[in-house]
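Descriptive analysis of the structure
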Amino acid sequence: MSKQNRVIAFYDERMLAHEPDIEVPFLPGRMDKRVRSLLSGLGVPWKYPEHPARLTAIRRLLELEPVPGVIFEAGMAATREQLARVHTLSYLDHILELRGESAWLDVDTTAVSPGSVEAAEVAAGTAIAAVEAVIKGRAESSFALVRPPGHHAEPVRARGFCLFNNVAVAAAHAHQALGCERVMIVDWDAHHGNGTQDIFWADPDVLCFDIHRAAPFYPGTGSLEEIGVGLGEGTNVNVPLPADAGDTAYLEAFRDILVPAAEWFKPDLILVSAGFDPHTHDLAMNVSYDGFAAMTGILQELARQQCEGRLVFVLEGGYNLISLSRGVRTVLNVLAGDTPPQPGRRGIAEVKAAAAYHRDAFVNKIT
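The text that follows walks through the structure, step by step, so that each part is easy to find. Note that the structure is a prediction, hence the values are computed from the model and not measured.

**A word on the overall build of the chain**
Counting its secondary structure elements, the chain contains eleven helices and ten strands. Within the chain, buried positions represent 54% of all 367 residues. Contacts spanning at least 24 positions in sequence make up 79% of the contacts within the chain whose residues lie at least 6 apart. In the form shown here, the chain has an accessible surface area of approximately 16100 Å², with 55% of it arising from carbon and sulfur atoms.

Structure follows, in structure tokens:
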């Protein structure tokens, strides 16, 4: 490891209280019974994929294998005013009325349990805390370990496990309360961040770069042609990829599209919607741990060039607990000062050593 950097990881146990009950009715009448009949016929119980173990697995790994330079701090709950910067008041009223309830919000995979509303408030507030820590100079970079995730949440609708758009709330807070004139959001989750795009669709002060698996993969948005509108035209950049894309494609997109975009935009802060479902183990894409490390290295260098190193990660998806926790640790390693390896080169030195060891066995010796 080279020079060690101070990194703050934000974690708050209140977010573990979001635990939807899949037995709560969510579809009208006969359709609900039909769906449950199909699920029961599979012979494998269906569980809500966005569950508390996503966070506890990360915390447990970081306790077993600490990253030097990384410290933990608790989060905080977002206020109604902070949430209202990106969500309508009518939508907030609807969600806040569900405090203490169990319910499915729609047919699009999003549900709440009695502790979900507070968990969502804390998730959004913790993203704000991570931004404030960096802007106030307490750390060069930070990572908000939050759930429920946020990038599918639209101004007026919960979608895709997301209630409040955490990264959007943090970006709006940085812009409106902390003096950041231009904020760049980089979303590398396997799913397109439709909610973040929608919120900043016409905003020239927020540049959204989103690399994801192309439609019809959920949520089906994020085509090349979706570039924003009005004053925000050109500040929405989508890079849709095929399902088998991996490190090479991601890094080429970062170098050939993201870096020039950042140099043109000149952000005061870079936020990352960091989902770890592009990892091979999560079956959405073929990104490796070295790929995540290399992308983090590029973003870290960009942040140092453009905005005094101010770089904030906000957790999004990732449902394989091993690749999720290892992916987060990989990112924290780089933020703390580790030099990212070159993807695709791991093991080459060992192969060369083995080749040298065995070479004489395959050479015809002259007697």
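So, next bit.
**Description of the packing of aromatic side chains**
As enumerated under the stated definition, the model contains eight aromatic pairs in all. Taking the centre distance of 5.9 Å and the plane angle of 90 degrees together, the rings of Phe209 and Phe254 count as edge-to-face. You can see Phe209 sitting in strand S7 (residues 206-213) and its partner Phe254 sitting in helix H8 (residues 247-265), a full 45 residues away along the chain. The aromatic ring of Tyr11 is capped on one face by Arg59, whose charged end is 5.1 Å from the ring centroid. The aromatic ring of Phe72 is capped on one face by Arg59, whose charged end is 4.0 Å from the ring centroid.

**Quick notes on the packing of H8 against helix H9 (residues 289-306)**
With their axes 10 Å apart at the nearest point, H8 and H9 run at an angle of 10 degrees to one another. By the angle between their axes, H8 is roughly parallel relative to H9. Between H8 and H9, the contacting residues are Asp247, Tyr250, Leu251, Phe254, Arg255, Leu258, Val259, Ala262 and Glu263 on the first element and Gly291, Ala294, Met295, Ile298, Leu299, Leu302, Gln305 and Gln306 on the second.

**Observations regarding the side chain of Asp189**
If you trace the backbone, Asp189 turns up in the loop between strand S6 (183-187) and helix H7 (194-199). We note that Asp189 is buried and unpaired, the nearest opposite charge coming from Arg54 at a distance of 6.8 Å. A distance of 2.8 Å separates a polar side-chain atom of Asp189 from the backbone nitrogen of His191. In this structure the side chain of Asp189 is engaged in a polar contact, spanning 2.9 Å, whose partner is the backbone nitrogen of Gly317. Beyond its immediate stretch of four places on either side in the chain, Asp189 contacts His151, Ile211, His212, Ser273, Gly275, Asp277, Pro278, Glu316 and Gly317.

**A word on H9**
Compared with the 26 Å implied by 1.5 Å per residue over 18 residues, the 26 Å span of H9 between its first and last C-alpha is a close match. Of all the 18 residues making up H9, 13 are buried; the element is thus mostly covered by neighbouring parts of the structure. Capping the start of H9, Ser288 holds a side-chain oxygen 3.3 Å from the backbone nitrogen of Asp290, two or three residues further along. Immediately beyond the C-terminal end of H9, within one or two residues, lies Glu308, with a positive phi of roughly 55 degrees.

**Quick notes on the pattern of salt bridges**
Taken as a whole, this structure holds 14 salt bridges when the rule is applied. Across the pair Glu50 and Arg147 runs a salt bridge whose closest N-O atoms are separated by 2.9 Å. Of the two residues, Glu50 is situated in the loop between helix H1 (29-41) and helix H2 (53-64) and Arg147 in the loop between strand S5 (141-144) and helix H6 (166-177); the sequence distance between them amounts to 97 residues. Residue Glu50 is classed as buried on the basis of its relative accessible area, which comes to 0%. Via salt bridges that share partners, Glu50, Arg54 and Arg147 belong to a single interconnected network.

**Looking at unusual backbone geometry**
Cis geometry is adopted by the peptide bond preceding Pro148, which originates at Arg147 and carries an omega value of -5 degrees. With respect to the element layout, Pro148 can be found in the loop between S5 and H6. Its identity as a non-glycine residue notwithstanding, Leu283 has a phi of 70 degrees, on the positive side. With respect to the helices, strands and loops of the structure, Leu283 is situated in the loop between strand S9 (269-274) and H9. Its relative accessible area of 73% is what places Leu283 among the exposed residues.

**With respect to the sheet that holds strand S1 (residues 7-10)**
Strand order across the open sheet formed by eight strands is S2-S1-S5-S10-S9-S6-S7-S8, with parallel pairing between neighbours. Both edges of this open sheet fall to strand S2 (70-73) and strand S8 (236-241), since each of them pairs with a single strand only. With direction set aside, neighbouring strand axes in the sheet form an average angle of 15 degrees. Looking at chain direction, S1 and S5 are connected through four bridges and run parallel. Opposite Val7, over in S5, you have Ser141 as the bridge partner. Contacts from H6 reach S6, S9 and strand S10 (311-315), with the element oriented near 170 degrees to S9. Helix H10 (residues 321-335) rests against S1, S2, S5 and S10 of the sheet, and its axis sits at about 175 degrees to S10.

**Structural notes on the pairing of S1**
The alternating pattern of S1 places Val7 and Ala9 on one face and Ile8 and Phe10 on the opposite face, and all of these are buried. Where S1 meets S2, four bridges bridge the pair, whose relative direction is parallel. Bridge pairing in S2 places Val7 opposite Val70.

**Quick look at the environment of Leu145**
Inspection of the secondary structure assignment puts Leu145 in the loop between S5 and H6. Separated by 86 residues in sequence, Leu145 and Arg59 place their C-alpha atoms 9.0 Å apart. Ignoring sequence-local partners within four residues, the contact set of Leu145 consists of Ala9, Phe10, Tyr11, Met15, Leu55, Ile58, Leu62, Phe72, Leu315 and Val328.

Cut-offs and rules
Residues numbered from 1 in each chain as written. Predicted model: local features only at pLDDT ≥ 70, side-chain atom pairs only at ≥ 80, totals over all residues. Heavy atoms only, no water. Helix = DSSP H or I, 4+ residues; strand = E, 2+ residues; numbered from the N terminus. Buried < 20%, exposed > 50% of the residue type's maximum accessible area, 1.4 Å probe, protein only. Contact = heavy atoms within 4.5 Å. Areas by Shrake-Rupley, 256 points an atom, 1.4 Å probe, with all protein chains shown as cover. Phe/Tyr/Trp six-rings, centres within 6.5 Å; stacked < 30°, edge-to-face > 60°. Lys NZ or Arg CZ within 6 Å of the ring centre and 35° of its normal. Axes fitted to C-alpha atoms, helices over the stretch in contact; angles between N-to-C directions. Parallel < 35°, antiparallel > 145°, perpendicular 65-115°, else oblique. Lys, Arg positive; Asp, Glu negative; His and termini not counted. Salt bridge = Lys/Arg side-chain N within 4 Å of Asp/Glu carboxyl O. Polar contact = N/O pair within 3.5 Å; in protein donor to acceptor, adjacent residues only side chain to side chain. Expected span 1.5 Å × (residues − 1). Pairing = 2+ DSSP bridges.

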